[in-house]
Amino acid sequence: YFIHENGFVQYRGLEMAQQGRMLTNIAQYYFYTQDHSMLLRHLQKIKGIGILLKRRYDAAVAAYPASDSRHGMPRGNDEADLVWGTTVGYNTEHGFISIAAEMWRGFRDCGAALAEIADRTNETNAAEVARSLLDVAPSVLANLKKSMAKDAFRDGNVTCHPYTAGIKECGELNRTLYSPRDSEPWRTYAEAMYSGALDDATISEIL
């Protein structure tokens, strides 16, 4: 009920990383239960989430050259409440690392689940959506890793991994420049680490 067929949610706005997390949770439901009926029943909504995220990813690929850390880093809000700032002109949508990380995990896992379901049921629509997710996932992860490598810098005795592509900041973003309220880096870091996209060395440096 709360998810529309175009991938939007019945809420004030989108917390973009959570769109990818929804795909991961859907995949986990299937792998735990082997119940494919729920995924087939809501296949159009799963497809809609995939299309929404891929459009953000494609826009970030087109907007920035490969040498820019923002290349391929889908933009959005890291908190749904920020939509109020977005609508009145604040620059609240950024390439948070959690968006790419959760998108990769969701595309990989949900794509794999749908591919297995398609093999079991001969559902061609499920196979089509599976391919659309699995085809994109590797490049999302590759661009995330390149972006984080470009943006990382030494801060005293530690390595800082900025949580927003192209903004050299590991603490809260400047409210005047970037957001109508203080940013929440802990949210983005936690989501990125949950996704499994970050290697152990990077996680250790973040922690």
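See the structure printed just above.
Rules used throughout
Residues numbered from 1 in each chain as written. Predicted model: local features only at pLDDT ≥ 70, side-chain atom pairs only at ≥ 80, totals over all residues. Heavy atoms only, no water. Helix = DSSP H or I, 4+ residues; strand = E, 2+ residues; numbered from the N terminus. Buried < 20%, exposed > 50% of the residue type's maximum accessible area, 1.4 Å probe, protein only. Contact = heavy atoms within 4.5 Å. Areas by Shrake-Rupley, 256 points an atom, 1.4 Å probe, with all protein chains shown as cover. Phe/Tyr/Trp six-rings, centres within 6.5 Å; stacked < 30°, edge-to-face > 60°. Lys NZ or Arg CZ within 6 Å of the ring centre and 35° of its normal. Expected span 1.5 Å × (residues − 1). Arc of directions from axis to C-beta. Salt bridge = Lys/Arg side-chain N within 4 Å of Asp/Glu carboxyl O.

A. Focus on the overall build of the chain. Looking only at helices and strands, one finds 10 helices and 2 strands in the chain. Written out in order from the N terminus, the α and β elements of the chain read α-α-α-α-α-α-α-β-β-α-α-α. When each of the 207 residues of the chain is scored for burial, the buried share is 48%. Considering only residue pairs separated by 6 or more positions, the chain has 63% of its internal contacts joining residues 24 or more positions apart. Taken as a whole, the chain presents about 10100 Å² of accessible surface, with 52% of it coming from carbon and sulfur.

B. Focus on the environment of Cys110. Looking at where Cys110 falls in the secondary structure, it is placed in helix H5 (residues 97-121). For Cys110 and Gln28, which are 82 residues apart along the polypeptide, the C-alpha to C-alpha distance reads 8.2 Å. Setting aside residues up to four positions removed in sequence, Cys110 forms contacts with Leu23, Ile26, Ala27, Ile46 and Leu133.

C. Structural detail: unusual backbone geometry. Even without glycine at this site, Gln34 takes up a positive phi of about 60 degrees. In this fold, Gln34 is placed in the loop between helix H1 (16-33) and helix H2 (37-41). Phi angles above zero are rare outside glycine, and Asn122 is one such case at about 65 degrees.

D. Spotlight on the packing of aromatic side chains. Inspection of the entire model under this criterion finds 3 aromatic pairs. When the ring of Phe96 is compared with that of Tyr163, the centres are 6.4 Å apart and the planes differ by 20 degrees; the resulting orientation is stacked. With Phe96 in the loop between helix H4 (83-87) and H5 and Tyr163 in the loop between strand S2 (158-160) and helix H8 (175-178), the pair connects residues that are 67 residues apart, well separated along the chain. The exposure classification of Phe96 matches that of Tyr163, with both residues buried. Pairwise contacts between aromatic rings join Phe96, Tyr163 and Tyr189 into one cluster. Over the face of the ring belonging to Tyr194 we find Arg21, whose NZ or CZ atom lies 3.8 Å from the ring centre. Residue placement shows Arg105 over the ring face of Tyr194; its charged tip is 5.9 Å from the ring centre.

E. Spotlight on helix H7 (residues 137-151). Along its 15 residues, H7 runs 21 Å from first to last C-alpha, staying within 8% of the 21 Å computed at 1.5 Å per residue. The set of residues buried in H7 consists of Ala137, Val140, Leu141, Asn143, Leu144, Ser147, Met148 and Asp151. Burial along H7 is one-sided: seen end-on, the buried residues are contained in an arc of 165 degrees. Every exposed residue of H7 that faces more than 90 degrees away from the buried side is listed here: Pro138 and Ala149. Among the structural elements, helix H3 (43-63), H5, helix H6 (124-134), strand S1 (153-155), S2 and helix H10 (200-206) are those in contact with the buried residues of H7.

F. A look at the pattern of salt bridges. In the structure shown here, the tally under the stated rule is 7 salt bridges. With a shortest N-O distance of 3.4 Å, Glu15 and Arg187 are connected by a salt bridge. Of the two residues, Glu15 is situated in the segment before H1 and Arg187 in helix H9 (residues 185-195); the sequence distance between them amounts to 172 residues. The exposure class of Glu15 is buried, given its relative accessible area of 15%. For Arg105, the salt bridge identified is with Asp109, shortest N-O distance 2.6 Å. Taken together, the residues span about one helical turn, with Arg105 and Asp109 both in helix H5 at a distance of 4 residues. A single burial state applies to Arg105 and to Asp109, both of which are buried. Through salt bridges with shared partners, one network takes in Arg105, Arg108 and Asp109.

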